[in-house]
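# Working through the structure, step by step
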Amino acid sequence: MNGVLRTVNRVLLGLAGLLLIIMGGAVLAVGLGASLPSWWPWDGKQDVLLSRADRDRWRDDGWWWPTVIAVLAVLVVLALWWLFAQLRRARLSEVLVDSGDGEGAVLRGRALEGVLSDEAGALDGVARAQVALLGRRTAPRTRIRLLMEPHAAPEQTLRVLSDEALAHARESAGLAELPAEVRLKAVKHRAERVS
């Protein structure tokens, strides 16, 4: 799950939870006979959410119902987007490998990630490597994050990563291609004094 989706998820969950707690607590308090402020819309056990007068108030205005329907449609679309975003897996759990017999085989995504991570982490100048397998079972792609040492040569590291680690993974999985997004980040280190 990326950072934006994680933030949206937390904000929506927090707002939904807060709204449900406030509304549920207020309804429970009214039902138990607690006294509430005068501005509170419900004041008795037999009170309803929208009275007949509230429901009929906007009936003659032509803009009211299209606005209500449009707002509710937007809310439904946003709720469906949120639901599908939660159900979608960020990482690929398995890769379909052509075994040549027409049946095919399945390679665990974590295994391929581990091998790629180990091989990329062993490159000269790489302090740490993180690999995530994304995409579809038949067309995987990788996202690789490399933490680079101060003495590393990024161009050479990328060339070796492409020619060796990614090529090995592509050949071992029998894939025609294995696109990769590589992000490089330098290790934080103290400046060295030169005398």
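Criteria and cut-off values
Residues numbered from 1 in each chain as written. Predicted model: local features only at pLDDT ≥ 70, side-chain atom pairs only at ≥ 80, totals over all residues. Heavy atoms only, no water. Helix = DSSP H or I, 4+ residues; strand = E, 2+ residues; numbered from the N terminus. Buried < 20%, exposed > 50% of the residue type's maximum accessible area, 1.4 Å probe, protein only. Contact = heavy atoms within 4.5 Å. Areas by Shrake-Rupley, 256 points an atom, 1.4 Å probe, with all protein chains shown as cover. Pairing = 2+ DSSP bridges. Axes fitted to C-alpha atoms, helices over the stretch in contact; angles between N-to-C directions. pLDDT = per-residue confidence, 0-100.

Assigned secondary structure in the protein chain consists of 5 helices and 5 strands. Listing every helix and strand of the protein chain by position from the N terminus yields α-α-α-β-β-α-β-β-α-β. For the protein chain, buried positions account for 21% of its 195 residues. Within the protein chain, contacts between residues at least 6 apart in sequence are counted, and of these 49% link residues at least 24 apart. Carbon and sulfur atoms provide 58% of the accessible area of the protein chain, an area that totals close to 14,600 Å².

Here we take up the pairing of strand β3 (residues 126-135). Pairing between β3 and strand β4 (residues 140-148): 9 bridges, direction antiparallel. When the sheet's bridge partners are listed, Q130 is paired in β4 with R145. Hairpin remark: β3 followed by β4, antiparallel, with 4 residues in the connecting loop.

With that out of the way, let us pick up the sheet that holds β3. Within the open sheet, the 3 strands sit side by side as β3-β4-β5. Their pairing is mixed. Edge strands, defined here as strands with exactly one partner in the open sheet, are β3 and β5 (180-186). Ignoring which end each strand starts from, the neighbouring axes of this sheet average 15° apart. In this fold helix α4 (residues 109-121) packs onto β3 and β4, with an angle of close to 150° to the strand it touches most, β3. Across the sheet, helix α5 (residues 154-173) is in contact with β3, β4 and β5; its angle to β4 comes to roughly 140°.

Before going further, it helps to examine the environment of E177. For E177, the location among the structural elements is in the loop between α5 and β5. Classification of E177 by relative accessible area gives exposed; the value is 58%. For the pair E177 and A167, spaced 10 residues apart in sequence, the C-alpha separation works out to 9.0 Å.

Glancing now at the confidence of the model for the protein chain. Across the protein chain, pLDDT averages 81, with 89% of residues at or above 70. When the elements of the protein chain are averaged for pLDDT, helix α2 (residues 52-56) gives the smallest value, 75, and β4 the largest, 90.

A word on the side chain of E113. As for its position among the elements, E113 is in helix α4. A relative accessible area of 5% means that E113 is categorised as buried. Dropping the residues within four chain positions of it, E113 is found in contact with R91, V131, A132 and L133.

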